[in-house]
Structures are given as structure tokens and as C-alpha cells.
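Commentary on secondary and tertiary structure
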Amino acid sequence: MRKEGYVPDTSCVLHNVNEEEKEALLCGHSEKLAIAFGILNTPPGMTIRVAKNLRVCNDCHTATKFISKIEEREIILRDVRRFHHFRDGKCSCGDYW
């Protein structure tokens, strides 16, 4: 993803740790893990649906845009406020959520 231009947004990590550890903590966010599971366990091109009972953080929103573009899949992410439909590196919310 970094080759495509992804830069982790560590501003949502509130722990008092260095930047490398903050980036590692971002990898454990539930929606990223769910998307990775969906990629591994569904056929290529199939839509991935994820439901979340909290709001999606800035980094996960950006990462999901990159994943949808790289994997050429539609990803539907439901957070507590709305549905986000990611397709071709863009989100239906227009980056306003």
C-alpha cells in the first residue's frame, strides 16, 4: 500500500509511544483485520462487507480506500453513523463522515 501512496495516520493512536509502535498498533484495528480475513477467504472480485459498532478512524478509512483500489473490490463498511461504500479508491461519503 505504501507503494501506492498510503501514509499511516497515527494521530488517532492515543498511546504515548513512538511512531513505529503507533503504526504497529494501527494494524490491529478490527476493520483492517476483518477486511484482510475477507480478502483471504472470498473469491477475487467479491464484495467484502464489514459491520462495526464504533466510528471508523481516519487511518482505517484511508487504508480501506487504498485496499479497494489495490484489490479491485468493493468494500462496504458499516460504522455507527453510516455505510461507507469503497470502490476504486474512493468512498461514497466523499471523505466527510
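Our subject is the structure that appears above.
For every chain, the first residue of the written sequence is number 1, and numbering continues from 1 onward in sequence order. Per-residue local features are limited, in this predicted model, to residues with pLDDT of at least 70; the limit for side-chain atom pairs, both in listing and counting, is 80 or more; totals at the level of whole chains, interfaces and linings are taken over all residues. Only hydrogens and water are set aside when side-chain values are computed; all heavy atoms of the structure are taken into account.

**Comments concerning the sheet that holds strand β2 (residues 75-78)**
To be explicit about the condition: Two strands qualify as a pair provided that DSSP identifies no fewer than 2 bridges between them. Helix numbers and strand numbers start at the N terminus; a helix is a DSSP run of H or I with at least 4 residues, a strand a run of E with at least 2. Contact between two residues is taken to exist if any of their heavy atoms lie within 4.5 Å; hydrogens are not considered. To obtain an axis, a line is fitted to C-alpha atoms, over the contacting stretch when the element is a helix, and the angle between two such axes runs from 0 to 180 degrees between their N-to-C directions.
One open sheet accounts for 4 strands, arranged β1-β2-β3-β4; its pairing is mixed. Of all strands in the sheet, those with a lone pairing partner are β1 (48-51) and β4 (90-91), marking the two edges. Helix α2 (residues 30-41) contacts β1 and β2 of the sheet and is inclined by roughly 150° relative to β1. This element, helix α3 (residues 58-71), spans β2, β3 (83-87) and β4 of the sheet and lies at about 40° to β3.

**Thoughts on the environment of E19**
By the element assignment, E19 lies in helix α1 (residues 19-26). Sequence-wise, E19 and L40 are 21 residues apart; in three dimensions their C-alpha atoms are separated by 28 Å.

**Structural notes on the side chain of K65**
Basically, it comes down to this: With a 1.4 Å probe rolled over the protein chains alone, any residue whose accessible area is under 20% of its type maximum counts as buried; one over 50% counts as exposed, and the rest are partly exposed. Polar contact is defined as a pair of N or O atoms within 3.5 Å, subject to the rule that within protein one atom must be able to donate a hydrogen and the other to accept it, and that residues adjacent in sequence are counted only when both atoms are side-chain atoms.
Inspection of the secondary structure puts K65 in helix α3. Given a relative accessible area of 16%, K65 falls into the buried group. Separated by 2.9 Å, the side chains of K65 and D95 make a polar contact. Setting aside residues up to four positions removed in sequence, K65 forms contacts with F86, G89, K90, C91 and D95.

**Overview of the packing of aromatic side chains**
Spelled out, the test is: Any two rings among Phe, Tyr and Trp, with Trp reduced to its six-membered ring, count as a pair given centres within 6.5 Å; such a pair is stacked if its planes are under 30 degrees apart, edge-to-face if over 60, and tilted if neither. Here, a charge over a ring is recorded when the distance from Lys NZ or Arg CZ to the ring centre is within 6 Å and its angle to the ring normal is within 35 degrees.
All told, the structure shown has 1 aromatic pair when counted by the stated rule. Summarising the aromatic geometry, the rings of Y6 and F66 are spaced 5.8 Å apart at their centres and angled 70° between planes, so their arrangement reads as edge-to-face. In this pair, Y6 is assigned in the segment before α1 and F66 in helix α3, connecting sequence segments 60 residues apart. Like F66, Y6 is buried. Across from the ring centre of F83, 4.9 Å away, lies the NZ or CZ of R78, which sits over that ring.

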